[in-house]
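Architecture at a glance
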Amino acid sequence: MSSAVWPDLRSMAFGGDYNPEQWPREVWRDDVRLMREAGVNLVSIGIFSWALIEVREGEFDFSWLDEIIELLHENGIAVDLGTPTASPPAWFFANHPDARAVTADGVPLGFGSRGMASHSAPAYRDAAVRIATELAQRYGSHPAVVLWHVHNEYGVPVGEDFSDHSVREWRLWLQERYGTLDALNAAWGTAFWGQHYGEWAHVGAPATAPSVINPAQRLDFARFTDSQLRACFVAERDAIRAHSDRPITTNFMANQHNGCDLWAWAREVDIVSDDHYLWAADEEGEIGLAIAADLTRSVGGGAPWILMEHSTSAVNWQPRNVAKRRGEMARNSLSHVGRGADGILFFQWRAGRSGAEKFHSAMLPHAGETSRVFREVVDLGAKLGTLDEVLGSRVHADVAVLWDFESFWAQDLEWRPSVDVGHAERIRAFYERLWRDNITVDFALPGHDLSGYKLVIAPAQYLLSGADADNLNRYVEQGGTLVVSFFSAVVDENDAVHSGGFLAPLAPALGVTVEEHLPLREGDTGGVDFGGSTLTVDVWQEDLTLVGAETRGVYTDGPGTGGAAITRHRHGAGIGWYISTRPDADGLAAIMTEVYADAGIAPAELPTGVEAIRRRGVDADYLVAINHGTDAVSLPTSGVNLLTQDDIRGMLVLQPGDVAVVREPHTASGGGR
Ligand code: GAL
């Protein structure tokens, strides 16, 4: 089956960032020899090469790039060509000092590292479009170039910018959004603390101030920053598009909170691609990985996507950079494949000897081609080479978890009721439950058409517009099951508390509103009687007002004692659950068992530590199974393990740490487990 990623991709893309400019020519020849040995078919080049391509302003030297592209092409290795605009050269900052990004404290960011200039500086915008145009004119129809990689990870390390250029654009953006100062004053609630504006020229960026800055202003500045960064991408994309018909992407950082609303970004790229790095401190990093992969697939509407970067072993930028152990790289890679990736790439091909990333792992480590890591890379290349028929197949999910960047931006601001409440923590808790139950998840926005899902979970929907609340109410009315966790539907799109009080917009679906938040002291726990068993809860309780819901859990310990803690409400043809506290993992499992029953969802009974996801193809399903545990396990399936060509008749045995991809006949559900 042909891939939706790009039409003539015949095998899983496999490779990584390649920085040949850091190496002499003889190393290049060694590189392509070893790339061929590993089955590398795609490398990303030029991402940080601006200074070596545009050597002085307006003066270009493409000789080395010509040479390496030809060498790769002769060796059958395709090119994902970067535009190097994440790292302007020294001459740029020297010639355009005003284009430097400025921090909230008024400090202009200097050179000697990496990071773009001010997203709003005309000199930067012009220079970025100029080099993108030059590259597209020269290589736009080169047969080696199959993909464009614009910039690198928009939003980091430079996102919000407080320079004069940014402030000028910010005012224009606000004028466009609000039309009049009266509307801005109303939306920002500037009657509070005497912040009323009488002149547009007085409206500043939310730079460092004596106390907490207006949260509505902060939220709008986050929206503005996201839209300016996206405009930078669109300008480069359109410059390339004028000279090249190859697909254009930029590498996202799903689940890493870089200030980009990926739902909006995904609409602008031809192919969604993502960078993902494990958090070494997280002993079950595979769950965070799965969140990022499912989010990446979801923002792209379910289409196949590319893992643009991950690591073969340790990274270098965490406090303790734990090396991946044998087989972990393959397990990580296959989990991404299971969750919809049609390409597995790494940062980076060859470990660099100099610079800030010399302790970062690579496909070809400092230890060279006999190293464990390189041998595993070769093995992974061979494994991915067996998966051609998986390309283009899709993941199906019955459950959606709401993921709303704007809500997260607002919730993360200061002066919230408790520092122990975090959106990421709540999403992880619910997702983790679903992961352990082997239930495949999509992420969605509260305004999406959710009618295809049996269950929708809102773990952290602090900000909810009236229109989105209506959508959720309608979803339940029409038969859906909705679960809402505490501190949700608190404010509207201007970070103003909903009139009617907390949770009021969801009262139709949930049959409950919140009278008062009751955060707990650090380390305190409480209890909830849930159907006769006592659940341990912490961080948060609430004083609820029931408006139709039945009480399913009652506080037995803590400030809410005697009041309802967990409610269930029948609304139209569906059911709305509300959980007003933070249960521990066992407590959440108990609640979710009842929720699954309401939603008609059956968790797959699989051995502990097994991850199993299905992709649905035209002629078959593909079960990607990963054993994260230390015991051999068996799981029911029949078909052919594409990685080994073994026939599987009824039961797949997976050794500790092993992976399998089984071509199965279509299942009745056709979906994930
Ligand atoms: C990414 C970045 C790469 C490299 C990598 C190291 O965020 O895009 O250029 O720095 O991190 O883990």
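About the cut-offs
- Residues numbered from 1 in each chain as written.
- Predicted model: local features only at pLDDT ≥ 70, side-chain atom pairs only at ≥ 80, totals over all residues.
- Heavy atoms only, no water.
- Helix = DSSP H or I, 4+ residues; strand = E, 2+ residues; numbered from the N terminus.
- Rg over C-alpha atoms; globule rule 2.2 N^0.38 Å.
- Buried < 20%, exposed > 50% of the residue type's maximum accessible area, 1.4 Å probe, protein only.
- Contact = heavy atoms within 4.5 Å.
- Areas by Shrake-Rupley, 256 points an atom, 1.4 Å probe, with all protein chains shown as cover.
- Lys, Arg positive; Asp, Glu negative; His and termini not counted.
- Charge placed at Lys NZ, Arg CZ, Asp CG, Glu CD.
- Domains from an automatic or database assignment.
- Buried area = accessible area lost by both parts, 1.4 Å probe.
- Salt bridge = Lys/Arg side-chain N within 4 Å of Asp/Glu carboxyl O.
- Polar contact = N/O pair within 3.5 Å; in protein donor to acceptor, adjacent residues only side chain to side chain.
- Pairing = 2+ DSSP bridges.
- Near = heavy atom within 4 Å.
- Nonpolar A, V, L, I, M, F, W, Y, C, P; charged D, E, K, R; others polar.
- Phe/Tyr/Trp six-rings, centres within 6.5 Å; stacked < 30°, edge-to-face > 60°.
- Lys NZ or Arg CZ within 6 Å of the ring centre and 35° of its normal.
- Core = buried A, V, L, I, M, F, W, Y, C linked by side-chain atoms within 4.5 Å.
- Axes fitted to C-alpha atoms, helices over the stretch in contact; angles between N-to-C directions.

1. A word on the overall build of the chain
When its secondary structure is counted, the chain shows 17 helices and 31 strands. Taking 673 residues into account, the globule formula puts the C-alpha radius of gyration at 26 Å, and the chain, at 26 Å, falls close to it. The principal-axis extents of the C-alpha atoms in the chain amount to approximately 75 × 75 × 40 Å. Taking all 673 residues of the chain together, the buried fraction comes to 60%. Of the contacts formed within the chain by residues at least 6 apart in sequence, a portion of 73% connects residues at least 24 apart. For the chain, the exposed surface amounts to about 25,300 Å²; the carbon and sulfur share of it is 49%. Averaging the coordinates of the 53 positive side-chain charges in the chain and doing the same for the 92 negative ones gives two points 5 Å apart.

2. With respect to the domain arrangement of the chain
Taken domain by domain, the chain comprises domain 1 (13-161 + 242-390), domain 2 (399-599) and domain 3 (610-664). Computed from C-alpha coordinates alone, the two centres of domain 1 and domain 2 are separated by 38 Å. Every contact between the two is made by 19 residues of domain 1 and, on the other side, 17 residues of domain 2. Taken together, the two surfaces of domain 1 and domain 2 that pack against each other cover about 1,600 Å², and 62% of this comes from carbon and sulfur. On the domain 1 side of the contact with domain 2, Trp263, Ile287 and Ile291 bury the most area, a combined 36% of that side's loss. Where domain 1 packs against domain 2, one counts three salt bridges. For Asp442, the salt bridge is made with Arg297, and the minimal N-O distance between the two is 2.8 Å. Inspection of the region where domain 1 meets domain 2 yields nine residue pairs in polar contact (both at pLDDT 80 or more).

3. Quick word on the sheet that holds strand S26 (residues 621-627)
A sheet is described by the order of its strands in space; here six strands give the open sequence S12-S25-S26-S31-S28-S29, paired in antiparallel fashion. Of all strands in the sheet, those bounded by a partner on one side alone are strand S12 (394-395) and strand S29 (646-648). Sheet topology places strand S25 (residues 610-616) next to S26; seven bridges connect them, and they run antiparallel. Opposite Arg614, over in S26, you have Leu623 as the bridge partner.

4. Considerations on the site of the ligand
Taken together, the residues surrounding the ligand are Phe48, Arg114, Asn152, Glu153, Asp275, Tyr277, Glu309, Trp317, Phe347, Glu357 and His360. Between an oxygen atom of the ligand and a side-chain N or O atom of Trp317, the distance comes to 2.8 Å. The side chain of His360 places a nitrogen or oxygen atom 2.6 Å from an oxygen atom of the ligand. Relative to its unbound accessible surface of 310 Å², the ligand loses 95% to contact with the protein. Looking at the shell around the ligand residue by residue, the class counts come to four nonpolar, two polar and five charged.

5. Some points on the pattern of salt bridges
A side chain with one charge may pair with a side chain of the opposite charge, provided their charged atoms come close. If you walk through the whole model with that rule in mind, you get 45 salt bridges. Across the pair Glu54 and Arg130 runs a salt bridge whose closest N-O atoms are separated by 2.9 Å. Here Glu54, found in strand S3 (residues 54-56), pairs with Arg130, found in helix H5 (residues 122-139); they are 76 residues apart in sequence, far enough to count as distant. With relative accessibility at 27%, the residue Arg130 sits in the partly exposed group. Notably, a salt bridge pairs Arg663 with Glu389, separated by 2.7 Å at the nearest N-O pair. With Arg663 in strand S31 (residues 659-664) and Glu389 in the loop between helix H12 (372-384) and S12, this pair connects stretches of sequence that are 274 residues apart.

6. Some thoughts on unusual backbone geometry
A cis geometry characterises the amide bond from Val156 onward to Pro157, with omega recorded as -10°. In the segment running from Phe347 into Gln348, the intervening peptide bond is cis, with an omega of -5°. Position of Gln348 relative to the elements: it lies in the loop between strand S11 (341-346) and H12. Not every positive phi belongs to a glycine, and His151 is a case in point at roughly 60°. Positionally, His151 belongs in the loop between strand S6 (145-150) and helix H6 (164-178). For His151, a relative accessible area of 1% gives the class buried. You will see that Ala489, though not glycine, has its phi angle at about 50°, which is positive. Of note, Ala489 is situated in the loop between strand S16 (481-485) and helix H16 (507-510). Since its relative accessible area comes to 0%, Ala489 is described here as buried.

7. Here's the deal with the packing of aromatic side chains
According to the stated counting rule, one finds 33 aromatic pairs in the structure shown. The interplanar angle of 80° and the centroid separation of 6.1 Å between the aromatic rings of Trp188 and Tyr197 together place this pair among those described as edge-to-face. Its relative accessible area of 3% is what places Trp188 among the buried residues. Taking the relative accessible area as the measure of exposure, Tyr197 reaches 15% and is therefore buried. Between Tyr277 and Trp317, the ring centres sit 5.8 Å apart and the planes meet at 85°, which makes this aromatic pair edge-to-face. Here Tyr277 is found in the loop between strand S9 (273-275) and helix H10 (285-299), whereas its partner Trp317 is found in the loop between strand S10 (305-309) and helix H11 (328-338), with 40 residues between them in sequence. Under the relative-accessibility criterion, Tyr277 is labelled buried at 7%. Since its relative accessible area comes to 38%, Trp317 is described here as partly exposed. Through a chain of ring-to-ring contacts, the aromatic side chains of Phe162, Trp170, Trp173, Trp188, Tyr197, Phe221 and Phe224 assemble into a single cluster. Across the ring face of Trp23, the terminal group of Arg350 is positioned such that the distance to the ring centre comes to 5.2 Å.

8. Focus on the nonpolar core
If you look at the biggest cluster of nonpolar residues, it comprises 184 residues, and the most contacted ones within it are Ile45, Leu65, Ile68, Leu72, Leu387 and Leu455. If we ignore the near neighbours within four places in the chain, the residues touching Leu65 are Ile45, Ile53, Leu135 and Tyr139.

9. Details of the sheet that holds strand S5 (residues 78-83)
Taking strand neighbours across the sheet as the criterion, the nine strands line up as S7-S6-S5-S2-S1-S11-S10-S9-S8 in an open arrangement whose pairing is parallel. Only two strands of the sheet have a single partner each, and these edge strands are strand S7 (248-249) and strand S8 (251-252). As judged from the four bridges shared by strand S1 (residues 13-17) and S11, these two strands associate in the parallel manner. Bridging across to S11, Phe14 finds its partner in Ile344. Along the sheet, H11 makes contact with S10 and S11, crossing S11 at roughly 145°. On top of the sheet, H12 reaches S1 and S11; it is set at about 145° to S1, its chief contact.

10. What to know about the environment of Gln645
Within the secondary structure, Gln645 is located in the loop between strand S28 (639-641) and S29. Given a relative accessible area of 54%, Gln645 falls into the exposed group. A distance of 3.3 Å separates a polar side-chain atom of Gln645 from the backbone oxygen of Leu642.

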